[in-house]
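Chain and residue survey
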Number of protein chains: 2
Amino acid sequence: MSTTGVTAPQGFTAAATTAGIKPSGKPDMALVVNEGPRFDAAAVFTRNRVVASPVKFTRDSSADGQLKAVLYNSGNANACNGQQGDADVEQAVSKAAQLLGLQTNDFGVCSTGLIGELLPMDNVLAGIDQLAQGLGDNGQAAAEAIMTTDTVAKESVATGNGFTVGGMGKGVGMMAPSLATMLVCITTDAIASHDALYKALVAASNVTFNTLDIDGSTSTNDTVIVMASGASGVEPSQDELNAAVLEICTDIANQMQADAEGVTKRVTITVKGTDSDEDALNAARTVGRDNLFKCAMFGSDPNWGRVLAAVGMADAAMDPEKIAVQFNGQAVCVDSTGAQGARDVDLSGADIDVLIDLGTGGPGTAMVRTTDLSHAYVEINSAYSS
Amino acid sequence: MSTTGVTAPQGFTAAATTAGIKPSGKPDMALVVNEGPRFDAAAVFTRNRVVASPVKFTRDSSADGQLKAVLYNSGNANACNGQQGDADVEQAVSKAAQLLGLQTNDFGVCSTGLIGELLPMDNVLAGIDQLAQGLGDNGQAAAEAIMTTDTVAKESVATGNGFTVGGMGKGVGMMAPSLATMLVCITTDAIASHDALYKALVAASNVTFNTLDIDGSTSTNDTVIVMASGASGVEPSQDELNAAVLEICTDIANQMQADAEGVTKRVTITVKGTDSDEDALNAARTVGRDNLFKCAMFGSDPNWGRVLAAVGMADAAMDPEKIAVQFNGQAVCVDSTGAQGARDVDLSGADIDVLIDLGTGGPGTAMVRTTDLSHAYVEINSAYSS
């Protein structure tokens with residue numbers, strides 16, 4: 001049995017193939033199958049209102065809280081393809097359902113790649129033939145087949161009390177959005193209802209994937225799916241399930257952050273001293289998406305004035321005369337004024353911690369993780385489709 | 001008499017000097033004086049809650065609708081300097097008031113430059129001596145002295161029916177925010193009340209400077225002031241005043257857009273087909289601040305998928321299946337699906353028009369102007385304070 005990724009838990013098989021969707025000739029299709037005995041599932045999707053055909057399909061097919069398989073392709077997002085895009089999903093799933101003896105409603109579908117190009121259906125249908133014949137302990141191959149510009153495959157395994165959770169992911173959330181789409185598949189052999197899975201997934205996503213989502217450019221295709229086979233015969237408590245799912249999501253989110261393209265700095269922004277956690281999150285996101293601040297981080301420049309200029313625009317309670325800022329634990333701004341030695345703080349390392357106190361004395365706090373804005377970011381994202 | 005800028009209208013004098021605030025040794029202080037007989041004025045300020053000491057001062061001093069002079073410096077924003085920053089403004093204004101025989105409350109003060117450094121007050125006070133002795137028809141010299149990384153001085157003159165409006169500006173709004181601060185001074189010899197001036201200024205700003213303010217990184221120092229001397233003896237109607245002030249603001253905003261640093265493309269985004277103008281503005285701003293979209297523009301890449309991915313996150317009514325996009329008048333997306341030839345649209349020119357129809361059939365429409373995200377932007381903004 002595979003010890004990594006989605007086939008680590010009992011009751012799951014996977015397959016991967018090279019269908020020719022990617023011009024590079026690298027693997028570009030994968031299938032993850034829940035062999036049962038239970039088929040409980042939950043999913044969370046992009047908040048974008050422009051959603052890809054596979055997202056529309058999977059929202060519907062997962063609405064009953066059950067999934068038996070997820071079909072993946074990379075190299076083409078099948079987004080903004082209109083009714084033809086929807087029809088292509090239906091055709092692909094129909095073929096896979098026929099080969100596996102399942103209903104179309106048993107499938108989830110996830111795609112990632114360029115927006116606005118029709119799927120090459122001859123390749124896709126031939127690929128499904130290959131996938132159906134190749135099911136086995138192929139978690140790692142599946143993780144490799146969903147990569148786009150990821151440089152490493154992203155897998156994780158967590159062990160609970162008598163049950164196992166596995167996962168694979170691709171993309172880097174919104175941290176380097178040319179890769180844009182974040183796809184994650186989590187599998188477990190625990191006995192867990194849809195409701196239990198959904199609770200665990202939302203709780204974990206909120207503190208992992210969603211903290212990476214810092215520039216608002218949420219993709220048309222983001223999908224995180226969790227499936228439970230019950231094959232271990234163990235039914236963990238909600239707390240036990242939450243902990244194991246959180247461990248997987250944390251690990252994969254960390255791998256995504258580490259693999260973010262064009263990134264030279266990993267920046268963690270923590271905000272406190274405001275009325276509510278929501279206010280703190282608004283403030284942290286406002287700073288995290290500010291291009292001036294992100295350029296200063298690229299330049300290892302302790303320019304705390306940009307933090308104040310950015311946070312002053314946030315929708316959050318603050319005392320504009322009492323804002324404090326620390327870079328890497330060193331005070332650079334106190335009472336909205338420069339601290340001694342502020343310009344000499346060393347930001348040359350790859351990790352930068354920013355702590356912002358908005359000065360109201362309120363209990364609100366939040367954290368987001370972002371990156372610098374680098375030449376490589378511009379380079380990668382100015383030459384994507386052409 | 002000067003035929004350009006703030007000294008073009010009757011009743012205004014100006015001076016400029018090199019006080020040594022800028023390390024470059026270029027001119028860095030200016031003074032604009034309204035010699036009367038009337039002293040009506042109005043001002044609009046940054047929406048940022050973190051504001052510089054000169055903004056706090058000028059908010060108070062202009063609250064009575066009267067100003068007789070505005071003191072400018074470049075090279076130092078006097079922002080985030082705490083009570084010392086406030087005290088420095090008071091000291092500078094006290095000296096200028098003494099020299100000119102005015103009250104401190106007669107002054108506006110505007111600063112632009114690095115945040116978090118105290119003003120070199122010896123230089124500032126000596127500079128004020130020079131300014132008081134040098135008042136004359138020096139509109140152009142004043143416009144040059146407020147430049148930071150602007151490459152050209154920005155002036156404008158408009159002629160009404162018996163009255164003149166002049167103006168100077170610096171910065172590029174939020175289009176290339178390393179210059180961040182936008183300062184504008186508008187003068188007129190018309191007879192106009194504070195209320196009339198304020199109405200004209202807000203109406204003009206909303207469709208000029210505010211449409212440039214597209215990434216939310218509003219500066220701590222942005223200030224636009226209008227002063228009326230009444231020296232022409234002509235009292236225009238509100239419509240006549242509005243038209244002349246709009247002409248000045250449009251001209252200066254265009255000069256700011258053309259001078260934006262690190263910019264290779266000027267991008268105009270128009271949104272229609274949504275419920276309200278506010279919805280349309282939200283959508284246009286969301287696209288205009290999307291880094292993926294801005295990188296595509298830098299690459300002359302007609303990647304309309306990024307427009308859809310960005311606009312799908314906007315707080316605006318839309319039909320996600322009916323969105324249409326045009327680049328430079330050519331359809332690239334119809335019914336949220338690629339149009340024929342979309343990838344071949346030529347975006348190699350410096351000006352790109354983007355038209356987005358959100359497909360609801362509603363009457364809302366709005367326009368914002370933005371730029372591409374270029375290597376030069378990153379270069380300039382990653383090496384600002386250090």
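Everything numeric in this text was worked out from a predicted model, so none of it was measured.

For the rest of this paragraph, the subject is the pairing of strand β9 (residues 223-228) of chain A. Residues and elements named next belong to chain A. With six of its six residues buried, β9 lies for the most part within the structure. Summarising the sheet, strand β3 (residues 40-45) and β9 pair through six bridges and their orientation is antiparallel. Looking at the pairing, Phe45 lines up with Thr223 of β9. Note: strand β8 (residues 183-188) against β9, six bridges, orientation parallel. Paired with Ile186 across the strands is Val226, a residue of β9.

For the peptide bond that leads from Gly36 of chain A to Pro37 of chain A, omega is 15°, which places it in the cis range. Here Pro37 of chain A is to be found in the loop between β2 (29-34) and β3. The backbone phi angle of Asn78 of chain B is positive, close to 45°, even though this residue is not glycine. Within the secondary structure, Asn78 of chain B is located in the loop between β4 (69-76) and α2 (82-100).

Okay, the interface of chain B and chain A next. Taken residue by residue, the interface counts 56 residues in chain B and 56 residues in chain A. Here chain B packs against chain A, burying approximately 4,500 Å² in sum over the two surfaces, 52% of which is carbon and sulfur. Its largest share of buried area at the contact with chain A, chain B owes to Arg49, Met313 and His375 of chain B, together 14% of the area lost on that side. Inspection of the chain B/chain A interface yields four salt bridges. Across the pair Arg343 of chain B and Glu117 of chain A runs a salt bridge, and its minimum N-O distance is 3.0 Å. Applying the counting criterion to the chain B and chain A interface returns 18 residue pairs in polar contact (both at pLDDT 80 or more).

Here we come to the UniProt feature "binding site: substrate" (unreviewed entry) in chain A. All names here are of chain A. Taking the UniProt record as the reference, the feature "binding site: substrate" (unreviewed entry) is found at Thr148, Lys170, Thr181, Glu261, Asn381 and Ser386. For Lys170, the location among the structural elements is in strand β7 (residues 164-170). Of note is the side chain of Lys170, whose polar atom sits 2.9 Å from the side chain of Thr112. Of note, Asn381 is situated in helix α11 (residues 375-381). What makes Asn381 buried here is its relative accessible area of 1%.

Compared with an ideal rise of 1.5 Å per residue, which puts 21 residues at 30 Å, helix α7 (residues 238-258) of chain A spans 30 Å between its outermost C-alpha atoms and is within 8% of the ideal. Turning to α7 of chain A, its buried residues number three or more, namely Leu241, Ala244, Val245, Ile248, Cys249, Ile252, Ala253, Gln255, Met256 and Gln257 of chain A.

All names here are of chain B. If you walk across this open sheet you meet the five strands as β3-β9-β8-β7-β6, and the pairing is mixed. Two strands close off the open sheet at either side, each with one partner strand: β3 (40-45) and β6 (154-159). Averaged over all pairs of adjacent strands, the angle between their axes in this sheet comes to 10°, without regard to strand direction. The pairing of β6 with strand β7 (residues 164-170) spans six bridges and is antiparallel. Across the sheet, the residue bridging to Ser156 is Gly167, located in β7. Relative to β3, helix α5 (residues 194-207) is tilted by about 30°, and along the sheet it contacts β3, β8 (183-188) and β9 (223-228).

Attention now moves to the relation of the copies chain B and chain A. Superposition of chain B onto chain A requires a rotation of 180° combined with a translation of 0.0 Å along the rotation axis, giving an RMSD of 0.1 Å. Given the turn and translation reported, the copies of this chain are related as if by a two-fold rotation axis. Ranked by how close their C-alpha atoms come to the rotation axis, the residues of chain B are headed by His375 of chain B, at 2.9 Å. A high fraction, 100%, of the interface residues of chain B reappear at the interface in chain A, so the copies pair face to face through one surface.

The subject of this paragraph is the packing of aromatic side chains. Within this structure, the stated rule accounts for zero aromatic pairs over all chains. Looking at Lys68 of chain A, its charged tip hangs above the ring of Phe39 of chain A, at a distance of 4.6 Å from the centre.

What counts, and where the lines are drawn
Residues numbered from 1 in each chain as written. Chains lettered and ligands numbered in written order. Predicted model: local features only at pLDDT ≥ 70, side-chain atom pairs only at ≥ 80, totals over all residues. Heavy atoms only, no water. Buried < 20%, exposed > 50% of the residue type's maximum accessible area, 1.4 Å probe, protein only. Helix = DSSP H or I, 4+ residues; strand = E, 2+ residues; numbered from the N terminus. Pairing = 2+ DSSP bridges. Contact = heavy atoms within 4.5 Å. Buried area = accessible area lost by both parts, 1.4 Å probe. Salt bridge = Lys/Arg side-chain N within 4 Å of Asp/Glu carboxyl O. Polar contact = N/O pair within 3.5 Å; in protein donor to acceptor, adjacent residues only side chain to side chain. UniProt positions renumbered as here; feature names shortened; annotations may be inferred. Expected span 1.5 Å × (residues − 1). Axes fitted to C-alpha atoms, helices over the stretch in contact; angles between N-to-C directions. Least-squares fit on C-alpha atoms with pLDDT ≥ 70 in both. Phe/Tyr/Trp six-rings, centres within 6.5 Å; stacked < 30°, edge-to-face > 60°. Lys NZ or Arg CZ within 6 Å of the ring centre and 35° of its normal.

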